[in-house]
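A look at the structure
Chain residues, written in single-letter form:
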Amino acid sequence: MSDDIRGTSRIPLVLDLDTGIDDALALAYALGSPEVELVGVVSSYGNVTMETAARNTCALLELLGRPDIPVYLGLDRPTASAGPFSPPPGVVRIHGENGLGGAVLPCGCRTTRQNGVDFIANAGVMRHRELCYVPTGPLTNLAAALRRSPGLASRLPRVTFMGGALTVPGNVTPCAEANVHNDPEAADAVLHSGLRTCMVGLDVTHQAILTREETAAWRELGAAGRLFAQMADYYIGIYEKNNPCLGGCALHDPLAVAAAIDPTLVRCLSANLCVDLTGPTRGRTVCDPARLRDAEKRCDVALGVDVPRFLGEFRTRVRRALGGR
Ligand code: RIB
Ligand code: CA
C-alpha cells in the first residue's frame, strides 16, 4: 500500500473506465470529491478502444490538474473474443470518434505502459479495507484479475459497478445494457466470484439527468469547464435525438462513483445475480435461479436513487473539479 494512502484518512478509489463522455464526468466527480483519494485509473475498451480510453484518461487528468495519478492499461478485448475490440458505429455516434464528443484536449502527450490487471490483482492498495473499486465499462479487467489471483474476491472489500438492468429494458438489446453486453462472461464471473458488489444499472441511471442549464454554467469556469460543456452538450444532443423524453443525458458513470462514495444515495435490493450467456437474452442481468434461496446475497442492486441529492452533489463536485468554488 502506498504511504500516501496510509497517511491520510481519505477513502482510496480506483476507477476502471472506457473513457467516453460520461466516464469523463465520473472522473471529474471523483476528483472533485474531497473525501476520496483517486489512486489509479485502469483503462478498458467499450465506448472507444482500450488504448484510446487510456489516452483520454491521461489527457483529462492533465486538463484537471492531476497528471500525477497513475493510469494503467487494461485488456483490449472481451473475455471470449479472439481479436481486439473496436467500437461499432452506433457507439462512435454516441461518444464521437475520439470518445469525447470531438472535444480536443490541449495535452494528452503522456502515455502509460503499466499493466492494469497486475495492478488490480497485486497492488497493496487493493487490500485497503475502505477501498472503492468502480468499473464503469465492461468487467473484463476485474474478471481477469480474479482469475489471476483467486484470493482477490475475499480481499477486495466491495465493487460498485455501472452496468446491467434488472427492472428496465437494456440499451443495446431489449435485455442487455452496454457494459454487460460488451463482456457478459466477465460480468457473470464477477457476479459468481463471491465479491460483494453494488450494481448501479439503468434502473437508476436513467433517472439522473444532466441538462444544458448546468453545462451552460460550466462555460464560465475556464478552459476545463468549456471543454466539459462541449463534451456533455454533444452527449445531450445524442439523447435529444434518441431519448427526447429524458430532457438531457443520463449520468450513468458519475452515479456509480457517487454511490460508491456515499451508498445512502441509492436504495438497493439484495440479490444473487447472474448474466444470461446464450440465446436472445444474452447479456441480461437477472436473479440467479440456482442461488435464489441462498440466505446470503452478494449483490446490492440499486433500484432507487435520491435524485435531488445526487444532482446537488454532482453540481458541487464537478464544478469544484473544473476549477469552480
Ligand atoms: O450503458 C451505459 C454505459 O455504457 C456507460 O458506462 C457508458 O459510458 C457506456 O460505457
Ligand atoms: Ca462507461
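Please refer to the structure placed before this passage.
Just so you know, these numbers come straight off a predicted model, no measurement behind them.

**Comments concerning the overall build of the protein**
For the protein, the helix and strand inventory stands at 14 helices and twelve strands. Buried positions account for 57% of the 325 residues belonging to the protein. The contacts of the protein with a sequence gap of at least 6 include a subset with a gap of at least 24, amounting to 81%. Carbon and sulfur atoms provide 52% of the accessible area of the protein, an area that totals close to 12900 Å². Distance between charge centres in the protein, computed from 32 positive and 34 negative side chains, equals 2 Å.

**Description of the site of ligand 1**
As a matter of local geometry, ligand 1 sits amid D18, D22, D23, N47, T136, M162, N171, E177, A178, N179, H252 and D253. Look at ligand 1: alone it shows 280 Å² of surface, and the protein chains cover 96% of it. Comparing atom positions with the cavity grids shows ligand 1 to sit within the largest pocket. Every element with two or more residues in the shell around ligand 1 is listed here: α2 (21–31), α8 (178–182) and α13 (252–261). Here the residues of the shell around ligand 1 are counted per class, giving two nonpolar, five polar and five charged.

**Overview of the pattern of salt bridges**
Oppositely charged side chains can pair when the atoms bearing their charge come close. The final tally for this structure, using the stated rule, is 19 salt bridges. D300 is paired through a salt bridge with R158; the nearest N and O atoms lie 3.4 Å apart. Residue D300 is located in strand β12 (residues 299–305), and its partner R158 is located in the loop between α7 (152–155) and β5 (159–162); the two are separated by 142 residues in the primary sequence. Of the charged contacts in the structure, one is a salt bridge between D300 and R196, with a shortest N-O distance of 3.8 Å. In this pair, D300 sits in strand β12 while R196 sits in the loop between α9 (184–191) and β6 (197–200), placing the two residues 104 residues apart along the sequence.

**A closer look at the coordination of the calcium ion (ligand 2)**
At this site the calcium ion (ligand 2) is bound by D18 (OD), D23 (OD), D23 (OD), T136 (O) and D253 (OD), with donor distances of 2.2 to 2.7 Å. All donors of the calcium ion (ligand 2) come from a single chain, and their spacing in sequence reads D-x4-D-x112-T-x116-D. Residue T136 is located in the loop between β4 (132–135) and α6 (140–148), and its partner D253 is located in helix α13; the two are separated by 117 residues in the primary sequence. With a relative accessible area of 2%, D253 lands in the buried category.

**Observations concerning the packing of α13 against helix α14 (residues 307–321)**
In contact at an axis separation of 11 Å, α13 and α14 are set at 100° when each is read in the N-to-C sense. Comparing the axis directions of α13 and α14 gives the class roughly perpendicular. Along the contact surface, α13 presents P254, L255, A258 and I261, while α14 presents F310, F314 and R317. Residue composition of the contact of α13 with α14, grouped by class: six nonpolar, no polar and one charged.

**Remarks on the layout of surface pockets**
Summary: where empty space remains is shown by rolling a probe the size of a single water molecule over the atoms. Its boundaries defined by the atoms lining it, the largest pocket holds a volume of some 570 Å³. Elements that contribute at least two residues to the lining of the largest pocket include exactly α2, α4 (89–95), α8, α12 (223–242) and α13. Counted by class, the lining of the largest pocket contains eleven nonpolar, 13 polar and five charged residues.

**With respect to α6**
One full turn of an α-helix is made of 3.6 residues, so residues set three or four places apart face in the same direction. The buried fraction of α6 amounts to seven of the nine residues, a majority that puts the element mostly inside the structure. Of all the positions in α6, only T140, N141, L142, A143, A144, A145 and L146 are classed as buried.

**Some thoughts on α2**
Here α2 lies mainly inside the structure; ten of its eleven residues are buried. Of the positions making up α2, those classed as buried are I21, D22, D23, A24, L25, A26, L27, A28, Y29 and A30.

**Some words on the nonpolar core**
Ranked by size, the top nonpolar core spans 71 residues in total, and within it L15, W218, F228 and F310 carry the most contacts. When residues of this core are assigned to their parent elements, the largest contribution, nine residues, is made by α12. Ignoring anything within four residues of it in the chain, the contact list for L15 reads L27, A30, L38, G40, V41, V42, V134 and V257. Counting 36 residues, the second-largest nonpolar core is a separate cluster that includes V117, I120, L146 and L191.

**Quick notes on the state of the cysteines**
Per the counting criterion, the structure on display carries zero disulfides. The thiol of C132 is unpaired, and the distance to the nearest cysteine sulfur, on C198, comes to 11 Å. Its relative accessible area of 10% is what places C132 among the buried residues. Take C287: it sits in no disulfide, and the sulfur closest to it among the cysteines is that of C274, at 8.2 Å.

**A word on the packing of aromatic side chains**
Tallied over the full model, the rule gives seven aromatic pairs. With a centroid separation of 4.9 Å and 40° between ring planes, the pair formed by Y45 and F85 is classed as tilted. One end of the pair, Y45, is in the loop between β2 (36–43) and α3 (50–63); the other, F85, is in the loop between β3 (71–72) and α4, and 40 residues separate them in sequence. Of the two residues examined, Y45 and F85, each falls in the buried class. A centroid spacing of 4.0 Å and a plane angle of 10° characterise the contact between Y72 and F119, whose relative ring orientation is stacked.

Quick notes on the rules
- Residues numbered from 1 in each chain as written.
- Chains lettered and ligands numbered in written order.
- Predicted model: local features only at pLDDT ≥ 70, side-chain atom pairs only at ≥ 80, totals over all residues.
- Heavy atoms only, no water.
- Helix = DSSP H or I, 4+ residues; strand = E, 2+ residues; numbered from the N terminus.
- Buried < 20%, exposed > 50% of the residue type's maximum accessible area, 1.4 Å probe, protein only.
- Contact = heavy atoms within 4.5 Å.
- Areas by Shrake-Rupley, 256 points an atom, 1.4 Å probe, with all protein chains shown as cover.
- Lys, Arg positive; Asp, Glu negative; His and termini not counted.
- Charge placed at Lys NZ, Arg CZ, Asp CG, Glu CD.
- Near = heavy atom within 4 Å.
- 1 Å grid on protein atoms, 1.4 Å probe; cavity = no way out; pocket = protein on both sides within 12 Å on 5 of 7 lines; lining within 4 Å.
- Sits in = over half its atoms within 2 Å of the grid points.
- Nonpolar A, V, L, I, M, F, W, Y, C, P; charged D, E, K, R; others polar.
- Salt bridge = Lys/Arg side-chain N within 4 Å of Asp/Glu carboxyl O.
- Donors = N, O, S within 2.8 Å, 3.2 Å for Na, K, Ca; no water.
- Axes fitted to C-alpha atoms, helices over the stretch in contact; angles between N-to-C directions.
- Parallel < 35°, antiparallel > 145°, perpendicular 65-115°, else oblique.
- Points joined across faces, edges and corners; volume = space filled by probe spheres on them.
- Core = buried A, V, L, I, M, F, W, Y, C linked by side-chain atoms within 4.5 Å.
- Disulfide = S-S within 2.5 Å.
- Phe/Tyr/Trp six-rings, centres within 6.5 Å; stacked < 30°, edge-to-face > 60°.

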